[in-house]
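Report on the structure
In case you want the letters, here they are:
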Amino acid sequence: MTSRIFVSRDSTALAFGADATARAIEAEAKKRGIDVTIVRNGSRGMFWLEPLVEIDAPGGRVGYGPIKAADVPALFDAGFERGNVHGLRVGPVEMITFFERQERLTFARVGLADPVSVDDYRAHHGYRGLDNALAMSGEDIVKAVTDSGLRGRGGAAFPAGIKWKTVLGTESAQKYIVCNADEGDSGTFSDRMLMEGDPLCLVEGMTIAGLAVGATQGYIYLRSEYPHAHRALNEAIANAYAAGYLGPSIKGTSKRFDLEVRLGAGAYICGEETSLLDSLEGKRGQVRFKPPLPAIKGLFGRPTVINNVITLASVPIILDRGGDFYKDYGVGRSRGTLPLQLAGNLKYTGLVEKAFGVTLRELLYDYGGGSYSGRPIRAVQVGGPLGAYLPESQFDTVVDYEAFGQVGAMLGHGGIVAFDDTVDMLEQARYAMEFCSIESCGKCTPCRIGSTRGVEVIDRIRAGIERDQNIVVLKDLFETMRFGSLCAMGGLTPDPVRSALQYFPEDFGVRA
Ligand SMILES: Cc1cc2nc3c(=O)[nH]c(=O)nc-3n(C[C@H](O)[C@H](O)[C@H](O)COP(=O)(O)O)c2cc1C
Ligand code: SF4
C-alpha cells in the first residue's frame, strides 16, 4: 500500500528546510523499497512545528515535527509512514490545541491537499460556491456577499457588498477585478499563506466576483518578494484554465473570466489601492485623488472591484454555505472570521483563524503561549506599521473593528507583533516615523515633509534637547499629518508614535 506523506511547500516551511526534508523522505523510502507518495501541501500555520510532516493514518492525519532531513532515517526505523510512535510525533494534527480551537472558514482547506490540483480542490468542497454562482444573477451574488456582512480584510474594513454593488451598477463595456496581494504590513502573512496553500480559493473568489459585477478580466497584484506564492498562483491558474474553470466559457456556460498575475516592485504605498492601480497600469505608484472611486473609475479608467486576498478568498464559502452561515460568526458589525497572524516575541507564532470576538490576551497567551523570551509582554502592535502600540492594560480588547477603533488602534490586516519588556518604545516610535519618510509616495506635503521633520523631532527628544518643547511640536505634527495627508499612510503614521508616547512616556523621558 502507498503511504501519502505531506510536507509543506509554504515559504515558512521551506525556510526551515522542508525541501531537504521532502528529498530525504523520498530517498530513504526508495532505499528501503517503501512505496510513498509525497504531497507538497500548504502550511497548517503552526510555525514551531515546521517542517511538519503529516501521514494519512486510519484515524486521520498524524503529524511529526519539526522534521529535519537528518531525522528521516530514524522516522522510517519507527515506521512513521504507518503513523507509529516516535519522539517527534505530535499526534492527530487537527487536535493540537493551537489548531483545534480555531474556526477555519477561509483557511479550511489549507494544508489538506495539493494546493494547485483542481481535483484535490474539488474533493475538499472547492468550486461549490462557483457552481452556485453560475446559476445566480449578479444581483443575487452581490446580495449574498452583502448579507454575509463581509468587510474588506486589507485594512479599511469597508463592506465588500457595497463596493461590488457600485461596480455592478456602473455601466461599462469593460470592468475589472483586482486582487490586492501586496501584503506590505509588518508581521502579516495570511495572504501569502492562502496563496501558497490554497490559491484556487482565491481564483474561485475572483471568478465569483467577476460574475457578480460583470467583469471579465482579473489581475492579482502580487508583491515580488513572494516567489513561492507567484509559482503556486501561476500553477493554479493554468490548472483552472485546463479544467475549464477560467477562460471564455466557464464550465461550458456563456460566462467568461480571465485571470493573470502581475508583480509589484516593492513599494509599501503600492498596497494603497489607487497607487496599486497606477502601478498596475505601468506608472510610478502614486496615490490618486478620490473621487472618483476605483469602483467607478479604476483600472484604465474602468469600474473596478479591488479587494484584498482574504476578502476574495472568503467569498467561495459564502456562496457555498450562504451569507447567513458566514454572518453567524463574529460580533457587532465585525462578521465572520479573521485570520490573525501571531508574530514577534511569542512562543508559538503562526496563523490563527478565529471568529471576531476573541480577545488580544487570548491570542497572546492561549494561542501564542506568552513571550518567546519568557519575559513579560510589554507592548503589542496590531495592524501593521501604521497600527498603534498597545500596553498590557489594553490586552482585553476584543478583536472587532469598532472595539479597536475605540482604543485608538486598528485591526488592519490582523497582524499581531509582540514585544517583551526589553523593547525601547522611543526607538519604535522613531522607526514608525522613519518608515513613513522612506515609504511616502511624496504627493502631499504633510506626509512627505512631515515625516522627515518628525524623525528629526524624535531625535531631539532622544538627545534630551528641549524635550518638553519638542513633545509639543511632535503632538502638533500629529494633527497636521492626520488631518492634512491625502491618504492613510501619512494620516495614520502618528498612531504608533502617539500611542508609544501615551502608554510608554517613560521611554521618552517624560512622566505619565
Ligand atoms: C499605505 C497603505 C498601504 C496599504 N497596503 C495594503 C496591502 O498591502 N494590502 C491590502 O489588501 N490593502 C492595503 N491597503 C488598503 C487598500 O488601500 C484597500 O483598502 C484594499 O485593497 C481594499 O480591499 P479590501 O476592501 O478587501 O480590504 C493599504 C492602504 C494604505 C493606505
Ligand atoms: S499621505 Fe503620503 S503616501 Fe499618502 S498621498 Fe500623501 S505623500 Fe503619498
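Summarised in this report is the structure supplied together with it. (Residues numbered from 1 in each chain as written. Chains lettered and ligands numbered in written order. Predicted model: local features only at pLDDT ≥ 70, side-chain atom pairs only at ≥ 80, totals over all residues. Heavy atoms only, no water.)

**A look at unusual backbone geometry**
Cis rather than trans, the peptide bond between Glu50 and Pro51 has omega equal to -5 degrees. Along the chain, the position of Pro51 falls in the loop between strand S2 (36-39) and strand S3 (53-57). Between Gly65 and Pro66 the backbone carries a cis peptide bond, its omega angle lying at -5 degrees. Within the secondary structure, Pro66 is located in the loop between strand S4 (60-64) and helix H3 (72-78). Of note in the backbone geometry, Tyr127 takes a positive phi value of approximately 65 degrees without being a glycine. Mapped onto the elements, Tyr127 comes out in the loop between helix H5 (118-123) and helix H6 (128-134). Residue Tyr127 is classed as buried on the basis of its relative accessible area of 0%. Look at Lys251: it is not a glycine, yet its phi comes out positive at around 50 degrees. (Helix = DSSP H or I, 4+ residues; strand = E, 2+ residues; numbered from the N terminus. Buried < 20%, exposed > 50% of the residue type's maximum accessible area, 1.4 Å probe, protein only.)

**Considerations on the site of ligand 2**
Near ligand 2 lie 13 residues; those nearest to it are Cys441, Lys443, Cys444, Cys447 and Cys487. Its residues placed into classes, the shell around ligand 2 shows 8 nonpolar, 4 polar and 1 charged. (Near = heavy atom within 4 Å. Nonpolar A, V, L, I, M, F, W, Y, C, P; charged D, E, K, R; others polar.)

**Section: the side chain of Asp495**
Mapped onto the elements, Asp495 comes out in helix H22 (residues 494-503). The class for Asp495 is buried, based on a relative accessible area of 16%.

**A word on the pattern of salt bridges**
Scanning the model with the defined rule gives 38 salt bridges in all. Here Glu235 makes a salt bridge to Arg9, at a shortest N to O gap of 3.2 Å. Of this pair, Glu235 sits in helix H11 (residues 227-242) while Arg9 sits in the loop between strand S1 (3-7) and helix H1 (11-15), and the two are 226 residues apart along the sequence. Put simply, Asp10 and Arg192 hold a salt bridge, and the shortest N to O gap is 3.1 Å. In this pair, Asp10 is assigned in the loop between S1 and H1 and Arg192 in helix H9 (residues 190-197), connecting sequence segments 182 residues apart. (Salt bridge = Lys/Arg side-chain N within 4 Å of Asp/Glu carboxyl O.)

**A word on the sheet that holds S4**
Within the open sheet, the 5 strands sit side by side as S2-S1-S3-S4-S5. Their pairing is mixed. The sheet terminates laterally at S2 and strand S5 (89-92), the two strands that pair on one side only. Averaged over all neighbouring strand pairs, the angle between strand axes comes to 25 degrees, with direction disregarded. (Pairing = 2+ DSSP bridges. Axes fitted to C-alpha atoms, helices over the stretch in contact; angles between N-to-C directions.)

**Here we look at the environment of Asp77**
Along the chain, the position of Asp77 falls in helix H3. Assessed through its relative accessible area of 57%, Asp77 is described here as exposed. In terms of polar contacts, Asp77 uses its side chain to reach the side chain of Arg32, at 2.8 Å. (Polar contact = N/O pair within 3.5 Å; in protein donor to acceptor, adjacent residues only side chain to side chain.)

**Section: the site of ligand 1**
Taken together, 20 residues lie near ligand 1, and Gly154, Asn180, Asn307, Asn308 and Thr311 sit nearest. At 2.7 Å from an oxygen atom of ligand 1 is found a main-chain nitrogen or oxygen belonging to Gly154. Within the contact set of ligand 1, an oxygen atom lies 3.2 Å away from a backbone nitrogen or oxygen of Glu183. Contact with the protein chains hides 91% of the accessible area of ligand 1, taken as 610 Å² for the molecule alone. Elements with a minimum of two residues in the shell around ligand 1: strand S9 (304-308) and helix H21 (488-492). Tallying contributions element by element places S9 first for the shell around ligand 1, with 3 residues. In the shell around ligand 1, the residues fall into 5 nonpolar, 9 polar and 6 charged. (Areas by Shrake-Rupley, 256 points an atom, 1.4 Å probe, with all protein chains shown as cover.)

**As for helix H16 (residues 360-367)**
All of the buried residues along H16 are Leu360, Leu363, Leu364 and Tyr367. Taken around the axis of H16, the buried residues stretch over an arc of 120 degrees, which confines them to a single face. Immediately downstream of H16, the backbone of Gly369 shows phi near 75 degrees, a positive value. (Arc of directions from axis to C-beta.)

**A short note on the pairing of S4**
In summary, the side chains of a regular strand alternate between the two faces of the sheet. For S4, a buried count of 4 out of 5 residues is recorded, marking the element as mostly surrounded by other parts of the structure. The pairing of S3 with S4 spans 5 bridges and is classified as antiparallel. What sits directly across from Ala57, in S4, is Gly60. Adjacent in sequence and paired antiparallel, S3 and S4 are bridged by 2 residues. As judged from the 3 bridges shared by S4 and S5, these two strands associate in the antiparallel manner. The residue of S5 that forms the bridge with Gly63 is Gly91.

**Considerations on the packing of aromatic side chains**
Under the counting rule described, the total for this entry stands at 14 aromatic pairs. Between Phe76 and Phe80, the ring centres sit 5.0 Å apart and the planes meet at 85 degrees, which makes this aromatic pair edge-to-face. Classification of Phe76 as buried rests on a relative accessible area of 4%. On the accessibility criterion, Phe80 (0% relative accessible area) is buried. When the centroid spacing of 3.7 Å and the interplanar angle of 5 degrees are considered together, the rings of Tyr127 and Tyr245 count as stacked. Of this pair, Tyr127 sits in the loop between H5 and H6 while Tyr245 sits in the loop between H11 and strand S8 (258-263), placing them 118 residues apart in sequence. A single burial state applies to Tyr127 and to Tyr245, both of which are buried. In textbook terms, an aromatic cluster arises when at least three aromatic residues are bridged by ring pairs, as seen for Trp48, Phe98, Tyr348 and Tyr367. Positioned above the aromatic ring of Tyr245 is the side chain of Lys251, whose terminal nitrogen or guanidinium carbon lies 4.6 Å from the ring centre. It is Arg321 that lies over the ring of Phe325; its NZ or CZ is 4.1 Å from the centre. (Phe/Tyr/Trp six-rings, centres within 6.5 Å; stacked < 30°, edge-to-face > 60°. Lys NZ or Arg CZ within 6 Å of the ring centre and 35° of its normal.)

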